[in-house]
Amino acid sequence: MTHRRPLAAANWKMNKTLAECASFFETLNAKLPKSTACDVVVCPPFTLLERSVSLARNQVALGAQDLFWEAQGAYTGEISGMMLRDIGCKYVIIGHSERRQHFGETNQSVNKKVSAALKQSLVPILCVGETLQEMESGRTKQVVQTQLEEGLKGISLQGDFVLAYEPVWAIGTGKSDTPEQSNQTIGFVRTVLAKAAGQEFAARTRILYGGSVKPDNIKAFMAQPEIDGGLVGGASLDPHSFLSIVEAIGA
Ligand code: PGA
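Residues numbered from 1 in each chain as written. Predicted model: local features only at pLDDT ≥ 70, side-chain atom pairs only at ≥ 80, totals over all residues. Heavy atoms only, no water.

1. Focus: the side chain of Ser182
Link 1 in the chain: Of note, Ser182 is situated in helix H8 (residues 179-197).
Link 2 in the chain: Relative accessible area serves as the criterion here: at 0%, Ser182 is assigned to the buried category.
Link 3 in the chain: Filtering out sequence-adjacent residues up to four positions away, Ser182 remains in contact with Tyr165, Asp177, Tyr209, Phe221 and Ile227. (Helix = DSSP H or I, 4+ residues; strand = E, 2+ residues; numbered from the N terminus. Buried < 20%, exposed > 50% of the residue type's maximum accessible area, 1.4 Å probe, protein only. Contact = heavy atoms within 4.5 Å.)

Right, dumping it as structure tokens:
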């Protein structure tokens, strides 16, 4: 079996001031062991990214929560992959359900963004997941398959790439998916990825679970063979709670 190094990713969403960000890294830097058995990525809002790059210890990589697909130009309000690369950002979340829900993100825009990220050697953390209604009508597989196929259309995948399966109904609700069910869906996502990018690529690509990950449920998710880590929202805002999740993911 291919060994996949686990990954713990924090998604701060629209949270934290500069002072709160500094205090988070102060605690994280003091408590994080010198070497962790998992990769650690923190995704702050754009305003905190550059500062975070200098505050974070070497082993903690920074990620953005979105990007625009053009490199530069007259696109008021947007941030490009080139700009993210320039400040030392390594990862970028793409297609988060909140972008899809509130900001008109589609599989087509996701596709352009994945391609732009790869062009800048940024590692995409591509998010897929079904809504409550889609889950209740038994369409989970169909939905994630379409999101993945359309999101990756025409893109030749190589190098590092991360997927996150996040059932929309589990995000920020405190109602996580069951470890068994998410393991099954993630296994299915891996087969879809294998069709798009080859067996070998799919076998080494990390697929995270996201949606109400907490210090007290992460172990059960990590015990599942298909789950390679977590994309953590609410529970990543407090450094102590994020640290215990990192510890469990690296255990
Ligand atoms: P949550 O968010 O952990 O607060 O549910 C996860 C996410 O949206 O990435």
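2. What about the sheet that holds strand E8 (residues 229-232)?
Link 1 in the chain: Pairing within the closed barrel is parallel, and its 8 strands lie in the order E1-E2-E3-E4-E5-E6-E7-E8. The sheet shows a mean angle of 25 degrees between the axes of neighbouring strands, taken without regard to direction.
Link 2 in the chain: Of the strand pairs in this sheet, strand E1 (residues 7-11) and E8 are connected by 4 bridges, and their pairing is parallel. Within E8, the position partnered with Leu7 by the bridge is Gly229. (Pairing = 2+ DSSP bridges. Axes fitted to C-alpha atoms, helices over the stretch in contact; angles between N-to-C directions.)

3. Description of the nonpolar core
The tendency in soluble globular proteins is for nonpolar side chains to be buried side by side.
Link 1 in the chain: Judged by nonpolar contacts, the single largest core of 62 residues is most densely connected at Phe25, Val42, Leu126, Leu148, Phe161, Leu193 and Phe242.
Link 2 in the chain: With residues up to four places along the chain from it excluded, the contact list for Phe161 reads Val114, Val123, Pro124, Leu126, Leu152, Leu193, Phe201, Thr205 and Arg206.
Link 3 in the chain: Counting residues in hydrophobic clusters, the runner-up holds 14 residues, among them Leu7, Val123, Cys127 and Val162. (Core = buried A, V, L, I, M, F, W, Y, C linked by side-chain atoms within 4.5 Å.)

4. Some remarks on the pairing of strand E4 (residues 91-94)
Link 1 in the chain: Of the two faces of E4, both are covered, the one formed by Tyr91 and Ile93 as well as the one formed by Val92 and Ile94.
Link 2 in the chain: Alignment of strand E3 (residues 60-64) against E4, held across 2 bridges, turns out to be parallel. When the bridges of E4 are listed, Ala64 appears paired with Val92.
Link 3 in the chain: Inspection of the sheet shows E4 paired to strand E5 (residues 123-128) by 4 bridges, in the parallel sense. Residue Val92 lies in a different strand from E5, and its bridge partner there is Pro124.

5. Examining the environment of Ala223
Link 1 in the chain: Its place among the elements puts Ala223 in the loop between helix H10 (218-222) and E8.
Link 2 in the chain: Given a relative accessible area of 61%, Ala223 falls into the exposed group.
Link 3 in the chain: Distance from Ala223 to Glu180, taken between C-alpha atoms, is 9.6 Å for residues 43 residues apart in sequence.

6. Topic: the site of the ligand
Link 1 in the chain: Close contacts around the ligand come from 13 residues, with Lys13, His96, Glu166, Gly172 and Ser212 the closest.
Link 2 in the chain: Within the side chain of Glu166, a nitrogen or oxygen atom sits 2.6 Å from an oxygen atom of the ligand.
Link 3 in the chain: In isolation the ligand exposes 280 Å². Once the protein is present, 97% of that is buried.
Link 4 in the chain: Here the shell around the ligand is composed, by residue class, of 4 nonpolar, 7 polar and 2 charged. (Near = heavy atom within 4 Å. Polar contact = N/O pair within 3.5 Å; in protein donor to acceptor, adjacent residues only side chain to side chain. Areas by Shrake-Rupley, 256 points an atom, 1.4 Å probe, with all protein chains shown as cover. Nonpolar A, V, L, I, M, F, W, Y, C, P; charged D, E, K, R; others polar.)

7. Regarding the layout of surface pockets
Link 1 in the chain: Computed from the structure, the largest pocket encloses a volume of approximately 340 Å³.
Link 2 in the chain: Lining the largest pocket are 14 residues; nearest its centre among them are Lys13, Met14, Gln65, Arg99 and Phe103.
Link 3 in the chain: Sort the elements by how many residues they give to the lining of the largest pocket and helix H4 (residues 97-102) lands first, with 3 residues.
Link 4 in the chain: Among the residues making up the lining of the largest pocket, the classes are represented as 6 nonpolar, 4 polar and 4 charged.
Link 5 in the chain: The calculated volume of the second largest pocket comes to roughly 220 Å³.
Link 6 in the chain: Taken together, 16 residues form the lining of the second largest pocket, with Arg100, Gly129, Glu134, Val143 and Gln147 sitting closest to its centre.
Link 7 in the chain: Of all the elements in the fold, those that place two or more residues in the lining of the second largest pocket are H4, E5 and helix H7 (140-151). (1 Å grid on protein atoms, 1.4 Å probe; cavity = no way out; pocket = protein on both sides within 12 Å on 5 of 7 lines; lining within 4 Å. Points joined across faces, edges and corners; volume = space filled by probe spheres on them.)

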